[in-house]
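Each chain is listed here by its residues.
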Amino acid sequence: QVQMAESGGGLVQAGGPLRLSCAASGRSFSSYAMAWFRQAPGNERDFVAGITSSGTRTYYADSVEGRFTISRDNAKKAVYLQMNSMKPEDTAVYYCAADRRPYSNSVHSGPAEYDYWGQGTQVTVSS
């Protein structure tokens, strides 16, 4: 029903920036909470950042707080993740996810709460 596609992944040196984009289809994007998750080899899929449907509130994992910024453009049906001061431990496959039934002023941090997922984009940070 809803398709999502990440872009912007790739190789980046430690300390550098990288910006991920996620484009979504459908007519209800503005009602979805959105989030970015990441999964490194051998690890579970972890919450990175989330944003409420209106974009008024954002949430971050402790490991990326202050370095990453999530934003959205409902007119473009897109969500972004600006990653700065990247570290090798940021290396992972990054996934964009949408929650159809969000809280009005919060986001879920568990992947099971999300209904739609992108295919993932590889981010590799070299040292």
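Residues numbered from 1 in each chain as written. Predicted model: local features only at pLDDT ≥ 70, side-chain atom pairs only at ≥ 80, totals over all residues. Heavy atoms only, no water.

Student: Hey, could you go over the overall build of the protein chain for me, with residue numbers and the actual values?
Tutor: On a plain count of helices and strands, the protein chain comes out with zero helices and eleven strands. Each helix (α) and strand (β) of the protein chain, taken in turn from the N terminus, gives the series β-β-β-β-β-β-β-β-β-β-β. The globule rule puts the C-alpha radius of gyration for 127 residues at 14 Å, and the 13 Å found for the protein chain is close to it. Reported as C-alpha extents along the three principal axes, the dimensions of the protein chain are approximately 40 × 25 × 25 Å. Evaluated residue by residue, the protein chain yields a buried proportion of 43% over its 127 residues. In the protein chain, of all internal contacts separated by at least 6 residues, the share reaching a separation of at least 24 is 58%. As displayed, the protein chain offers around 6300 Å² of accessible surface, 45% of which is attributable to carbon and sulfur atoms. Charged side chains in the protein chain number 12 positive and 11 negative. The centres of these two groups are separated by 8 Å. (Helix = DSSP H or I, 4+ residues; strand = E, 2+ residues; numbered from the N terminus. Rg over C-alpha atoms; globule rule 2.2 N^0.38 Å. Buried < 20%, exposed > 50% of the residue type's maximum accessible area, 1.4 Å probe, protein only. Contact = heavy atoms within 4.5 Å. Areas by Shrake-Rupley, 256 points an atom, 1.4 Å probe, with all protein chains shown as cover. Lys, Arg positive; Asp, Glu negative; His and termini not counted. Charge placed at Lys NZ, Arg CZ, Asp CG, Glu CD.)

Student: Help me get a handle on the pattern of salt bridges, residues and values and all.
Tutor: Applying the stated criterion to the full structure yields four salt bridges. D90 is the salt-bridge partner of R67, the closest N and O atoms lying 2.7 Å from each other. In this pair, R67 sits in the loop between β6 (58-60) and β7 (68-73) while D90 sits in the loop between β8 (78-83) and β9 (92-99), placing the two residues 23 residues apart along the sequence. Across this residue pair, the class does not change: R67 and D90 are buried. Two residues, D115 and R100, come together in a salt bridge whose shortest N-O distance is 3.6 Å. Of this pair, D115 sits in the loop between β9 and β10 (116-117) while R100 is found in the loop between β9 and β10, placing the two residues 15 residues apart along the sequence. By relative accessible area, which is 32% here, R100 ends up partly exposed. (Salt bridge = Lys/Arg side-chain N within 4 Å of Asp/Glu carboxyl O.)

Student: Summarise the pairing of strand β11 (residues 121-126); cite the residues concerned and give the values.
Tutor: Residue alternation in β11 divides its side chains into a buried set, T121, V123 and V125, and an unburied set, Q122, T124 and S126. Bridge count for strand β2 (residues 10-13) against β11 is four bridges, and the pairing is parallel. By the bridge assignment for β11, V12 is matched with V125. (Pairing = 2+ DSSP bridges.)

Student: Describe the packing of aromatic side chains, and please don't skip the residues or the numbers.
Tutor: Aromatic rings considered in pairs are described by the distance between their centres and by the relative angle of their planes. Here the structure, examined in full by the defined rule, presents six aromatic pairs. Seen in terms of ring centroids, Y95 and W117 are 6.4 Å apart; in terms of plane orientation they differ by 80 degrees. Their pairing is edge-to-face. One end of the pair, Y95, is in strand β9; the other, W117, is in strand β10, with 22 residues separating them in the sequence. Among the residues examined, Y95 registers a relative accessible area of 13% and is labelled buried. What links up through ring pairs into an aromatic cluster is the set F37, F47, Y95, Y114 and W117. One Lys or Arg, R45, reaches over the ring of Y95 and ends 3.7 Å from the middle of that ring. One residue, R45, lies across the ring of W117, its end atom 4.9 Å from the ring centre. (Phe/Tyr/Trp six-rings, centres within 6.5 Å; stacked < 30°, edge-to-face > 60°. Lys NZ or Arg CZ within 6 Å of the ring centre and 35° of its normal.)

Student: I'd love a proper account of the state of the cysteines, names of residues and values included.
Tutor: Tallied over the entire structure, the rule returns one disulfide. Across a sulfur-sulfur distance of 2.2 Å, C22 and C96 are joined as a disulfide pair. Between C22 and C96, the S-S dihedral sits near -85 degrees, and the bridge is therefore left-handed. Taken together, the residues span a long stretch of sequence, with C22 in strand β3 (residues 18-24) and C96 in strand β9 at a distance of 74 residues. (Disulfide = S-S within 2.5 Å.)

Student: Quick one: what's the story with the environment of V12, residue by residue and with numbers?
Tutor: By the element assignment, V12 lies in strand β2. In the structure, V12 is positioned 98 residues away from G110 in sequence and 27 Å away in space, judged by C-alpha atoms.

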